[in-house]
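# Structural characterization, general
The chain contents come next:
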Amino acid sequence: MNPKEEKTLIIMKPDAIQRSLFGEILQRFERKGLKIIGVKMTKISDVLIEEHYSHLVEKPFFNTLKNYMQASPVVLIALGGVNAISATRLIVGPTKGHEADAGSIRGDYSMSGQSNLVHASDSAENAEIEIKRFFEESELFDYEKPDYKLINAEDHF
Ligand code: UDP
Ligand code: MG
């Protein structure tokens, strides 16, 4: 396996679902060449939100963040690919939609620093923890994609 092969966690947040942007956003990850290795819809519990956003629990906006994240179900997506973590963060864009570059998901569809459509893991360490937080091993799939070598040029091997 390519040593730069990574797995990362995406959460389609409630505003992505409520604004009917799920398909549009998923398509961007697919078209980039990332592989969908797990998908499920869920309503995130209090415990899991507090765990997932443990770096923010002391912030004054934590309660509104929690309400936002529980406003509807979310869709959890595990993605795989070469350099998947950094590539995905670039596609998603920085936290505040109004500061994100056009072309990024947040830059194109979001104005807010809270309702910013998607979560994407920010490091290899967090990606591993976050995937384990939301997926059982049996819910993740390993399979071949025939376009793999077309998408990942020789210099990756
Ligand atoms: N957030 C917020 N207000 C802030 C910063 C963050 O409501 O001032 C929310 C926002 O939804 C963000 C999430 O908390 O996506 C997690 O924050 P983080 O700093 O980890 O940003 P991200 O990694 O999502 O860009
Ligand atoms: Mg983050």
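So, a few notes on the structure that sits alongside this text. (Residues numbered from 1 in each chain as written. Chains lettered and ligands numbered in written order. Predicted model: local features only at pLDDT ≥ 70, side-chain atom pairs only at ≥ 80, totals over all residues. Heavy atoms only, no water.)

### A short note on the site of ligand 1
Applied cut-off: Here, proximity means that at least one heavy atom of the residue falls within 4 Å of the molecule or strand. Contacts described as polar in this section are N or O atom pairs within 3.5 Å, which, within protein, must combine one atom able to donate a hydrogen with one able to accept it, while residues neighboring in sequence count only if both atoms come from side chains. Here, Shrake-Rupley sampling with a 1.4 Å probe gives the accessible areas, and only protein chains in the shown set may cover a residue. Cavity means a closed set of points on a 1 Å grid over the protein atoms alone, one where a 1.4 Å probe fits but cannot get out, pocket means an open set with protein on both sides within 12 Å along at least 5 of 7 lines, and lining means a residue has an atom within 4 Å of a point. Each molecule is assigned to a cavity or pocket provided more than half of its atoms lie within 2 Å of the corresponding grid points. Any residue that is not Ala, Val, Leu, Ile, Met, Phe, Trp, Tyr, Cys, Pro, Asp, Glu, Lys or Arg is counted as polar, Gly included; the first ten are nonpolar and the last four charged.
In the vicinity of ligand 1, the contacting residues are Lys 13, Tyr 53, His 55, Leu 56, Phe 61, Leu 65, Arg 89, Thr 95, Arg 106, Gly 113, Gln 114 and Asn 116. Contacts to ligand 1 include Arg 89, whose side-chain N or O atom sits 2.9 Å from an oxygen atom. The side chain of Arg 106 places a nitrogen or oxygen atom 3.0 Å from an oxygen atom of ligand 1. Protein coverage of the free-state accessible area of ligand 1, which is 500 Å², stands at 79%. Judged by the fraction of its atoms near the pocket grid, ligand 1 is located in the second largest pocket. Its residues assigned to classes, the shell around ligand 1 shows four nonpolar, five polar and three charged.

### Here's the deal with the side chain of Ser 110
Put simply, the rule is: Starting at the N terminus, helices and strands are each numbered in turn, a helix being any DSSP run of H or I of at least four residues and a strand any DSSP run of E of at least two. Contacts are assigned to residue pairs that have any heavy atoms within 4.5 Å of one another.
By the secondary structure assignment, Ser 110 is in the loop between α6 (105-109) and β4 (118-120). Within the structure, the side chain of Ser 110 is placed 3.4 Å from the backbone nitrogen of Ser 112, a separation counted as a polar contact. What Ser 110 contacts, discounting residues up to four positions off in sequence, is Gly 97, His 98, Ile 105, Ser 115, Asn 116 and Leu 117.

### Quick notes on the sheet that holds strand β3 (residues 74-82)
Stated precisely, the cut-off is as follows: Should DSSP find at least two bridges between two strands, the strands are regarded as paired. To get an axis, a line is fitted to the C-alpha atoms, and for a helix only the part in contact is used. The angle between two axes follows their N-to-C directions and goes from 0 to 180 degrees.
Pairing is antiparallel in the open sheet, where four strands are placed in the order β2-β3-β1-β4. Only two strands of the sheet have a single neighbouring strand rather than two, namely β2 (35-42) and β4. Mean inter-strand twist for the sheet, computed between neighbouring axes without regard to direction, equals 20 degrees. Inspection of the sheet shows strand β1 (residues 5-12) paired to β3 by eight bridges, in the antiparallel sense. Across the sheet, Ile 10 pairs through a bridge with Ile 77, a residue of β3. Helix-sheet contacts for helix α5 (residues 84-92) involve β1, β3 and β4, and the interaxial angle to β1 is about 35 degrees.

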